[in-house]
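As a plain string of letters, each chain reads:
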Amino acid sequence: MSEFPYDAGNPGPCCQKIEDMLDYARPIIQRWPPFHKYTLGEEIMREIYTMLRLATKARLRYMNKSTLADLDTSKAILDVYLRQANKTVFHDRGGNERRLLTDHSYGVWSGMMEEIGKLIGGWIKSVSGRKNSTKGNVP
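Residues numbered from 1 in each chain as written. Predicted model: local features only at pLDDT ≥ 70, side-chain atom pairs only at ≥ 80, totals over all residues. Heavy atoms only, no water.

K.L.:
Help me out: how do you make sense of the side chain of Ser74 in this one?
P.N.:
Residue placement: Ser74 occurs in helix α3 (residues 65–87). Here Ser74 is in contact with Glu47, Thr50, Met51 and Leu54, once residues within four sequence places are set aside. (Helix = DSSP H or I, 4+ residues; strand = E, 2+ residues; numbered from the N terminus. Contact = heavy atoms within 4.5 Å.)

Structure representation (structure tokens):
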């Protein structure tokens with residue numbers, strides 16, 4: 001068994017949930033009008049990629065409290081962006097008023113964020129409760 005805890009075939013539940021959210025977000029943002037796609041949409045995608053990077057980084061480090069805190073902060077920022085997207089109204093080509101996120105899309109996305117938040121919270125608790133352990137926590 002290798003001392004290096006990384007397994008490319010098993011990204012861990014947190015990274016997997018973030019990847020699932022990324023796959024869900026991509027086609028939704030691609031349908032947005034150009035102004036919103038290249039402003040708020042890019043910020044949302046950047047934040048999701050940041051979360052994925054931080055979750056992967058936390059998996060590979062022993063002392064990862066600060067990385068997990070950054071991951072939790074990034075999740076909170078993404079929550080704000082999603083609320084903004086849900087409130088943002090635009091007019092489609094037919095002149096109809098629409099929002100960037102439908103109630104259904106916002107609900108599904110919020111559910112994903114809630115699951116990820118629970119994973120991050122549990123991960124932070126497990127790292128905070130660990131005392132002088134030699135093994136890293138890899139959720």
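Past the structure itself, the notes keep going.
K.L.:
Just checking my understanding: could you explain the packing of α3 against helix α4 (residues 103–129) for this structure?
P.N.:
Relative orientation and spacing of two packed helices are given, respectively, by the angle between their axes and the distance between those axes. Contact geometry of α3 with α4 gives a least axis separation of 10 Å together with a crossing angle of 165 degrees. When the axis of α3 is compared with that of α4, the two are roughly antiparallel. The two elements α3 and α4 meet at a crossing, and its hand is left-handed. Contact with α3, carried on its side by Lys65, Leu68, Leu71, Asp72, Lys75, Leu78, Asp79, Leu82, Arg83 and Asn86, involves Asp103, Tyr106, Trp109, Met113, Gly117, Ile120, Trp123, Ile124, Val127 and Ser128 of α4 and no other residues of that element. (Axes fitted to C-alpha atoms, helices over the stretch in contact; angles between N-to-C directions. Parallel < 35°, antiparallel > 145°, perpendicular 65-115°, else oblique. Left-handed = near helix turned anticlockwise from the far one by under 90°.)

K.L.:
Help me understand the layout of surface pockets in this model?
P.N.:
If you roll a probe as big as a water molecule over the atoms, it shows you where there is empty space left. By volume, the second largest pocket amounts to about 150 Å³. Forming the boundary of the second largest pocket are Arg31, Trp32, Pro33, Pro34, Phe90, His91, Asp92, Arg93 and Arg98. Residue composition of the lining of the second largest pocket, by class: four nonpolar, one polar and four charged. (1 Å grid on protein atoms, 1.4 Å probe; cavity = no way out; pocket = protein on both sides within 12 Å on 5 of 7 lines; lining within 4 Å. Points joined across faces, edges and corners; volume = space filled by probe spheres on them. Nonpolar A, V, L, I, M, F, W, Y, C, P; charged D, E, K, R; others polar.)

K.L.:
Before we go on, may I ask you to explain the nonpolar core in this structure?
P.N.:
For soluble globular proteins, the rule of thumb is that nonpolar side chains tend to be buried together. Within the largest apolar cluster, 32 residues are counted, with the highest numbers of intra-cluster contacts made by Ile18, Trp32, Ile44, Ile48, Leu71 and Trp109. Ignoring anything within four residues of it in the chain, the contact list for Leu71 reads Cys14, Ile18, Met51, Leu54, Ala55, Ile120 and Trp123. (Core = buried A, V, L, I, M, F, W, Y, C linked by side-chain atoms within 4.5 Å. Buried < 20%, exposed > 50% of the residue type's maximum accessible area, 1.4 Å probe, protein only.)

K.L.:
Would you explain the environment of Asp70 in this entry?
P.N.:
Along the chain, Asp70 falls in helix α3. Sequence-wise, Asp70 and Met51 are 19 residues apart; in three dimensions their C-alpha atoms are separated by 8.5 Å.

K.L.:
I would appreciate a short explanation of the packing of aromatic side chains in the present structure.
P.N.:
The geometry of an aromatic ring pair comes down to the distance between the two centres and the angle between the two planes. In this structure the tally under the stated criterion is one aromatic pair. Here Tyr24 and Trp109 contribute two aromatic rings whose centre-to-centre distance is 6.1 Å and whose plane-to-plane angle is 80 degrees, an arrangement assigned as edge-to-face. In this pair, Tyr24 sits in helix α1 (residues 13–30) while Trp109 sits in helix α4, placing the two residues 85 residues apart along the sequence. (Phe/Tyr/Trp six-rings, centres within 6.5 Å; stacked < 30°, edge-to-face > 60°.)

As far as function goes, none of this settles anything; it's purely spatial.
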